[in-house]
Amino acid sequence: MKINGNAVRVGNVIEHNNRLWLTVKTQAVKPGKGGAFNQVELKDLRNGSKLNERFRADEQVERVRLEQTKAQFLFRDGSILTFMDSETYEQTMIDLSLLGDQAIYLQDGMEVIIESYEDEPLSVLLPDTVAFEVTEADAVVKGQTASSSYKPAVLENGAKIMVPPHIEPGTRVVIKPEDGTYVERAKD
């Protein structure tokens, strides 16, 4: 679908220079002379490289819609992750590098969304939050609980995060896989 250059927004996937790009940042610029343009920061969906581009209002940009498929994580074999389509039960193999830092938060049976373009998987979206057990946590220093301080902890998957002082080893906590931040104590 063609859109004009000023209509490109954060989160849009566009086809530019025969490659697929995710829009990371946009800024509308109105210089003193000449026409307004949209300064856009793009990230290549296949190799992660970045590009800054200017799109004028009269330029046409091809916006791409990615196909989203619900899938369940089955297992990891080396650097290959295996997912199963929730509707067709078809298995999809995806390279671990596609998930980047979020791969450590994958759990057996986890429901994810695989985004693909022309049957090529481009990204895997994990749930907004996941629960893990804390295996190690530093002891609380007396008087530390008065201020809003955090202490280092290690989760059962080996990830290191910062948690509030009241979290002890054995406690289940809710984490945002997007950035690895503590959300709350798990309610289960």
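Residues numbered from 1 in each chain as written. Predicted model: local features only at pLDDT ≥ 70, side-chain atom pairs only at ≥ 80, totals over all residues. Heavy atoms only, no water.

**Q** Any chance you could explain the sheet that holds strand β3 (residues 19-29) here in plain terms?
**A** Within a sheet, neighbouring strands are paired by backbone hydrogen bonds and run either parallel or antiparallel to one another. Strands sit in the order β1-β6-β2-β3-β4-β5 across an open sheet of six strands; the sheet is antiparallel. A strand with exactly one partner marks an edge of an open sheet, and here the two such strands are β1 (2-4) and β5 (50-56). Neighbour-to-neighbour, the strand axes of this sheet turn through a mean angle of 50°, independent of strand direction. By the bridge criterion, four bridges tie strand β2 (residues 13-16) to β3 in an arrangement that is antiparallel. Counterpart to E15 in the pairing with β3 is L20. (Pairing = 2+ DSSP bridges. Helix = DSSP H or I, 4+ residues; strand = E, 2+ residues; numbered from the N terminus. Axes fitted to C-alpha atoms, helices over the stretch in contact; angles between N-to-C directions.)

**Q** I tried to follow the packing of aromatic side chains on my own but got confused; where do I start?
**A** The geometry of an aromatic ring pair is captured by two quantities: the separation of the ring centres and the angle between the planes. In total, this model carries two aromatic pairs according to the counting rule given. Measuring from ring centre to ring centre gives 5.5 Å for F73 and F83, while their planes differ by 55°; the resulting arrangement is tilted. Linking F73 in strand β7 (residues 67-77) with F83 in strand β8 (residues 80-85), this pair joins segments that are 10 residues apart in sequence. (Phe/Tyr/Trp six-rings, centres within 6.5 Å; stacked < 30°, edge-to-face > 60°.)

**Q** What's the story with the environment of T129 in this structure? I'm lost.
**A** Within the secondary structure, T129 is located in the loop between β11 (120-125) and β12 (130-137). Owing to a relative accessible area of 40%, T129 belongs among the partly exposed residues under this scheme. Along the backbone, T129 and G109 are 20 residues apart, and their C-alpha atoms lie at a distance of 15 Å. Once you skip the residues sitting within four places of it in the chain, T129 turns out to touch V174, I175, P177 and V183. (Buried < 20%, exposed > 50% of the residue type's maximum accessible area, 1.4 Å probe, protein only. Contact = heavy atoms within 4.5 Å.)

**Q** Which parts of the structure should I look at to understand the side chain of T23?
**A** Position of T23 relative to the elements: it lies in strand β3. Residues within four places of T23 in sequence aside, it is in contact with V8, R9, V10, G11, N12, V40, E41 and L42.

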